[in-house]
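This is what each chain is made of:
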Amino acid sequence: MTDLVEPQKVDIVYETEEPVRYEVIDSVAWITMNRPGFNNAQNGQMTYALDDMFNRAVQDDGVRCIVLAGEGKHFSAGHDIGTPGRDLHKDFENRLLIPGHVNKPAAELLYTREAEQYVGMCKRWREAPKPTVAMVQGACIAGGLMLAWVCDLIIASEDAFFQDPVVRMGIPGVEYFAHAFELPPRVAKEFLLLGERMSATRAYSFGMVNKVVPRDVLRAETEAVAAKLAAQPRLGAWLTKQAVNHVEELRGKSSAITAVYHMHHFSHAQNDLTMGSSIAGLDAKAMAAANKKQAGE
Ligand code: ZN
């Protein structure tokens, strides 16, 4: 008897070979999620491309600041739970000290995958030794939150909104549980328990967002902030972001994320046991429809 299983065979159709674009302009690396047809849903292909681009920006001494952006109407609709490019059952070359997931049985499969691709990657990108800025327009939902939250600054357009509706799947928030650090606890409870959209203006009122600007000047405003960050001393900027990250660690951020990661996976497992689906049978369409209904659209 083996404790490994045959990997599940699933057809994966990638709509692009370039799920993330990269360019350097005036010492600023622009890392742009490039699945606009799927609202930049994050699949494994995109995750590893993002990691490649963060690494490229870090290794290039000519880059002094990194901007993370999303092509199209929305920053990110979250993790890919239903496009033809959903690649849950595909192994990639792991970057962390975590094995491949596709031959792992039952709950171990997702636990292994998400430790690498979600929590592990997010913690890694948060520690990039250069200032990072998330430029957020439109939807920033669930998995999208994690991508924005790992950046040092967040600049949002007036049409941006933030939402983590995964309680609908019986899950206490996305894998990288920074909610109660990004928002005051009672607001974090409301955000999670109601799962409603939070406007950029309201997010700004709690300091979750640094700046809210009209959509048509979002790029220009982000460029201006990135240019200022790029002009700061390299080591000084690295130490400064680490100083604040360190204080967050003293407040228990990583420990909280690790603890809640286990609740998250208890929920995935419970869903699987009771419904045969780790995400409660809710695909992207079902979630989008429920979100629209909730928003009164
Ligand atoms: Zn998960």
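Here is a short report on the structure shown in this document. It should be emphasised that the depicted structure is a prediction, and the values quoted were computed from it without experimental measurement. (Residues numbered from 1 in each chain as written. Predicted model: local features only at pLDDT ≥ 70, side-chain atom pairs only at ≥ 80, totals over all residues. Heavy atoms only, no water.)

Observations regarding the coordination of the zinc ion
- For the zinc ion, every protein donor is listed as Glu 114 (OE), Glu 114 (OE), Glu 175 (OE), His 264 (NE2) and His 268 (NE2), and the spread of their distances is 2.1 to 2.4 Å.
- Each donor residue of the zinc ion belongs to the same chain, and together they define the spacing E-x60-E-x88-H-x3-H. Of this pair, Glu 175 sits in the loop between β7 (161-163) and α4 (179-182) while His 268 sits in helix α9 (residues 253-275); the two residues are 93 residues apart in sequence, bridging distant segments of the chain.
- Residue classification places Glu 175 among the buried positions, given a relative accessible area of 4%. (Donors = N, O, S within 2.8 Å, 3.2 Å for Na, K, Ca; no water. Helix = DSSP H or I, 4+ residues; strand = E, 2+ residues; numbered from the N terminus. Buried < 20%, exposed > 50% of the residue type's maximum accessible area, 1.4 Å probe, protein only.)

Some details on the packing of helix α2 (residues 106-126) against α9
- Look at α2 against α9: their axes get within 11 Å of each other, and the N-to-C directions meet at 155 degrees. Comparing their axes, α9 and α2 come out roughly antiparallel. You can see that α2 and α9 cross each other, and the crossing is right-handed. Contacts from Ala 107, Leu 110, Tyr 111, Glu 114, Ala 115, Val 119, Lys 123 and Arg 126 in α2 reach Lys 253, Ser 254, Ile 257, Thr 258, Tyr 261, His 262, His 264, His 265, His 268 and Ala 269 in α9. (Axes fitted to C-alpha atoms, helices over the stretch in contact; angles between N-to-C directions. Parallel < 35°, antiparallel > 145°, perpendicular 65-115°, else oblique. Left-handed = near helix turned anticlockwise from the far one by under 90°. Contact = heavy atoms within 4.5 Å.)

Digging into the environment of Leu 229
- For Leu 229, the position within the fold is in helix α7 (residues 218-230).
- Taking C-alpha positions, Leu 229 is 28 Å from Arg 95, a pair spaced 134 residues apart along the chain.
- Not counting residues up to four positions away in its chain, the partners in contact with Leu 229 are Arg 64, Cys 65, Pro 131, Val 133 and Leu 153.

Concerning the sheet that holds strand β8 (residues 198-199)
- Read from one edge to the other, the open sheet built from 3 strands follows the order β5-β7-β8, with strand pairing classed as mixed. At either margin of the open sheet sits one strand with a lone partner, and together these are β5 (139-141) and β8.
- Inspection of the sheet shows β7 paired to β8 by 2 bridges, in the antiparallel sense. In the strand pairing of β8, Phe 162 is matched with Met 198. (Pairing = 2+ DSSP bridges.)

What about the packing of helix α1 (residues 44-59) against α2?
- Their axes nearest at 11 Å, the elements α1 and α2 cross at an angle of 30 degrees. The angle between α1 and α2 places the two elements in the roughly parallel class. Relative to α2, the crossing made by α1 is left-handed. On the side of α1, the interface is formed by Gly 44, Thr 47, Tyr 48, Leu 50, Asp 51 and Phe 54, while α2 contributes Arg 113, Glu 116, Gln 117, Met 121, Arg 124 and Trp 125.
- Here the contact of α1 with α2 is composed, by residue class, of 5 nonpolar, 3 polar and 4 charged. (Nonpolar A, V, L, I, M, F, W, Y, C, P; charged D, E, K, R; others polar.)

A look at the nonpolar core
- Ranked by internal contacts, the top residues of the largest apolar core, which has 63 residues, are Ile 31, Leu 50, Val 136, Phe 162 and Met 169.
- The contacts of Met 169, once residues within four sequence positions are left out, are Ile 81, Asn 271, Ile 279, Ala 280, Leu 282 and Met 287.
- Counting residues in hydrophobic clusters, the runner-up holds 13 residues, among them Cys 65, Met 135, Ile 155 and Ala 230. (Core = buried A, V, L, I, M, F, W, Y, C linked by side-chain atoms within 4.5 Å.)

Looking at the sheet that holds strand β9 (residues 211-213)
- With respect to topology, 6 strands assemble into an open sheet ordered β1-β2-β3-β4-β6-β9, the strand pairing being mixed. At either end of the open sheet lies a strand with only one pairing partner, and these are β1 (20-25) and β9. Going across the sheet, the axis of each strand differs from the next one's by a mean of 20 degrees, ignoring polarity.
- As paired elements, β1 and strand β2 (residues 28-33) share 6 bridges and run antiparallel to each other. Bridging from a neighbouring strand, Ile 25 pairs with Val 28 of β2.
- Against the sheet, α1 engages β1, β2, β3 (65-70) and β4 (132-136), with an angle of about 15 degrees to β1.

Considerations on the packing of aromatic side chains
- Within the structure shown, the criterion is met by 3 aromatic pairs.
- Ring geometry for Tyr 48 versus Phe 92: centroids 4.8 Å apart, planes at 20 degrees, classification stacked. Remark: Phe 92 occurs in the loop between β3 and α2 and Tyr 48 occurs in helix α1; sequence separation between them is 44 residues.
- According to the relative accessible area criterion, Phe 92 is buried, its value standing at 19%.
- Relative to Trp 125, the ring of Phe 54 has its centre 5.3 Å away and its plane inclined at 20 degrees; by these criteria the two rings are stacked. Note that Phe 54 is positioned in helix α1 and Trp 125 in helix α2, a separation of 71 residues in sequence. Of the two residues, Phe 54 and Trp 125, both sit in the buried class.
- The ring of Phe 92 is capped by Lys 90, whose NZ or CZ atom sits 5.2 Å from the centre of that ring. (Phe/Tyr/Trp six-rings, centres within 6.5 Å; stacked < 30°, edge-to-face > 60°. Lys NZ or Arg CZ within 6 Å of the ring centre and 35° of its normal.)

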